[in-house]
Amino acid sequence: MVLGLSERRRRSSAVDPTTLKILVAGGFGVGKTTLVGAVSEIKPLRTEERLTEAGRPVDDLDGVESKTTTTVAMDFGRITVNDALVLYLFGTPGQDRFWFLWDELALGALGAVVLADTRRLADSFAAVDYFERRGLPFTVAVNCFDDAEQYPPETVREALDLDDRVPVLLCDARSKESVRDVLITVVQHAMQISAEQREPALS
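Now for a quick tour of the structure. Going along each chain's sequence as written, the residues are numbered from 1 onward. For this predicted model, a pLDDT threshold of at least 70 governs which residues receive local features, and a threshold of 80 or more governs which side-chain atom pairs are given and counted, while totals over whole chains, interfaces and linings are taken from all residues. Derived side-chain values reflect all non-hydrogen atoms in the structure, with water molecules and hydrogen atoms excluded from consideration.

What follows covers the overall build of the protein. Secondary structure elements are defined from DSSP: runs of H or I of at least 4 residues count as helices, runs of E of at least 2 residues count as strands, and each element is numbered from the N terminus. Within the protein one finds 6 helices and 7 strands. When the elements of the protein are put in sequence order from the N terminus, they spell out α-β-α-β-β-β-α-β-α-β-α-β-α. The rule is simple: take the accessible area with a 1.4 Å probe, protein chains only, and divide by the maximum for that residue type; under 20% is buried, over 50% is exposed, in between is partly exposed. Burial analysis of the protein (203 residues in total) assigns 45% to the buried set. Partitioning the contacts of the protein with sequence separation of at least 6, the portion at a separation of at least 24 is 72%. Carbon and sulfur atoms make up 52% of the accessible area of the protein, which amounts to about 11,300 Å² in all. Here, two residues are considered to be in contact whenever any of their heavy atoms come within 4.5 Å of each other. Note on areas: Shrake-Rupley, 1.4 Å probe, and residue coverage restricted to the protein chains presented here.

So, in structure tokens, the structure goes:
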């Protein structure tokens with residue numbers, strides 16, 4: 001097919017969007033699958049299986065007794081933030097016995113969301129420790145469940161012993177707008193950290 005001059009110029013001037021990988025981590029039952037599904041513009045890939053009696057000795061259901069399924073590999077979704085930026089979301093499994101998958105999922109990630117539940121805040125420590133050890137920028141997003149007591153972000157920061165620079169936000173994992181705000185914060189935070197790490201090399 002022969003393209004006219006104006007069509008060739010349009011195609012040559014078009015720039016492919018930047019694609020970035022973001023992890024969504026946190027404890028069991030905190031809402032990671034819901035978050036990915038709320039914002040994804042494609043049908044999310046989910047690897048959920050039903051909870052069984054065999055897993056009861058190792059799965060802590062305190063506070064999430066109504067949960068009947070669990071992610072056993074990952075959740076995957078995609079969101080186009082604007083013409084220049086597309087985010088690929090990878091939700092990690094929350095149970096201890098699936099943590100061996102985290103290293104593979106973290107490869108090439110720009111940053112991460114640690115989704116927290118104030119009813120089970122201690123479950124967030126493992127994800128926070130993991131990203132701190134890897135030096136991967138992350139944002140803590142407190143999923144405001146209807147029956148959970150809400151605390152100011154600074155109270156959550158103190159409880160999780162976070163660095164002052166780690167963003168802490170309140171969110172609703174069911175809301176596309178709320179999740180989008182969280183993801184934009186993750187990207188901005190990670191880009192700022194990356195820019196600061198490059199400065200010594202440029203000076």
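Here we come to the nonpolar core. Soluble globular proteins tend to pack their nonpolar side chains together in the buried interior. What is meant by a nonpolar core is a set of buried Ala, Val, Leu, Ile, Met, Phe, Trp, Tyr and Cys residues, joined one to another through side-chain atoms within 4.5 Å. Formed by 25 residues in total, the largest nonpolar core has its most connected members in Leu 23, Val 114, Phe 131, Phe 138, Val 140 and Leu 162. Secondary structure elements with two or more residues in this core: strand E1 (18-26), helix H3 (102-106), strand E5 (111-116), helix H4 (125-134), strand E6 (138-143) and helix H5 (153-160). No other element matches the 4 residues that H4 contributes to this core. Leu 23 has contacts with Phe 90, Leu 105, Ala 106, Ala 109, Gly 111, Ala 112, Val 113 and Phe 131, leaving out every residue within four places of it along the chain. By size, the runner-up hydrophobic cluster in this structure holds 24 residues, among which are Val 24, Leu 85, Val 186 and Val 187.

This part is about the pattern of salt bridges. Here the idea is simple: oppositely charged side chains can pair when their charged atoms come close. When a carboxyl oxygen of Asp or Glu lies within 4 Å of a side-chain nitrogen of Lys or Arg, that pair is called a salt bridge. As enumerated under the stated definition, the model contains 9 salt bridges in all. Note that Arg 157 and Glu 154 form a salt bridge whose closest N and O atoms lie 3.1 Å from each other. Separated by 3 residues within a single helix, Arg 157 and Glu 154 lie in helix H5, roughly one turn from each other. Here Asp 172 and Arg 174 are joined by a salt bridge, their closest N and O atoms 2.9 Å apart. A relative accessible area of 23% means that Asp 172 is categorised as partly exposed. Taking relative accessible area as the criterion, Arg 174 reaches 53% and is therefore assigned exposed. Among the ionic contacts, a cluster of salt bridges with common partners joins Asp 117, Arg 119 and Asp 147.

Turning our eyes to something else, we now look at a negative patch on the surface. Taken together, Asp 129, Glu 132, Asp 161, Asp 163 and Asp 164 make up a surface patch of like negative charges. Mapped onto the elements, Asp 164 comes out in the loop between H5 and strand E7 (168-171). Residue Asp 164 is classed as exposed on the basis of its relative accessible area of 68%. Patches draw on residues past 30% relative accessible area with no salt bridge. Two like charges within 9 Å are joined, as are two nonpolar side chains (Val, Leu, Ile, Met, Phe, Trp, Tyr) within 5 Å. Neither His nor the chain ends contribute to the count of charged residues, in which Lys and Arg are positive and Asp and Glu negative. For charged residues, the charge sits on one atom: NZ in Lys, CZ in Arg, CG in Asp, CD in Glu.

Of note, Asp 161 is a non-glycine position whose phi angle comes to about 55°, a positive value. On the secondary structure map, Asp 161 appears in the loop between H5 and E7. Note on Asp 161: relative accessible area 64%, which makes it exposed.

The subject of this paragraph is the packing of aromatic side chains. Centre distance and the angle of the planes are the two values used to describe a pair of aromatic rings. Only centres within 6.5 Å qualify two rings of Phe, Tyr or Trp (six-membered ring in Trp) as a pair; their planes then separate them into stacked at under 30 degrees, edge-to-face at over 60, and tilted for everything else. One pass over the structure, following the stated rule, counts 6 aromatic pairs. Each ring, one from Trp 102 and one from Tyr 130, has its centre 5.2 Å from the other, and the planes form 85°; the classification is edge-to-face. Of this pair, Trp 102 sits in helix H3 while Tyr 130 sits in helix H4, and the two are 28 residues apart along the sequence. Relative to Phe 138, the ring of Phe 131 has its centre 6.2 Å away and its plane inclined at 35°; by these criteria the two rings are tilted. Overall, Phe 131 belongs to the buried group, its relative accessible area being 0%. The buried category is assigned to Phe 138, whose relative accessible area is 4%. In our convention, an over-ring charge means Lys NZ or Arg CZ found within 6 Å of a ring centre and within 35 degrees of that ring's normal. Over the aromatic face of Phe 90 sits the side chain of Lys 21, whose NZ or CZ is 4.7 Å from the ring centroid. We note Arg 119 situated over the ring of Phe 145; from NZ or CZ to the ring centre the distance is 4.3 Å.

This next bit is on the side chain of Ser 40. Relative to the assigned elements, Ser 40 resides in the loop between helix H2 (32-39) and strand E2 (45-50). Here Ile 42 takes part through its backbone oxygen, which lies 2.8 Å from a polar atom of the side chain of Ser 40. Residues in contact with Ser 40, not counting those within four places in the same chain, are Gly 77 and Arg 78. Here a polar contact means two N or O atoms within 3.5 Å. Within protein one must be a hydrogen donor candidate and the other an acceptor candidate, and residues neighboring in sequence count only if both atoms are side-chain atoms.

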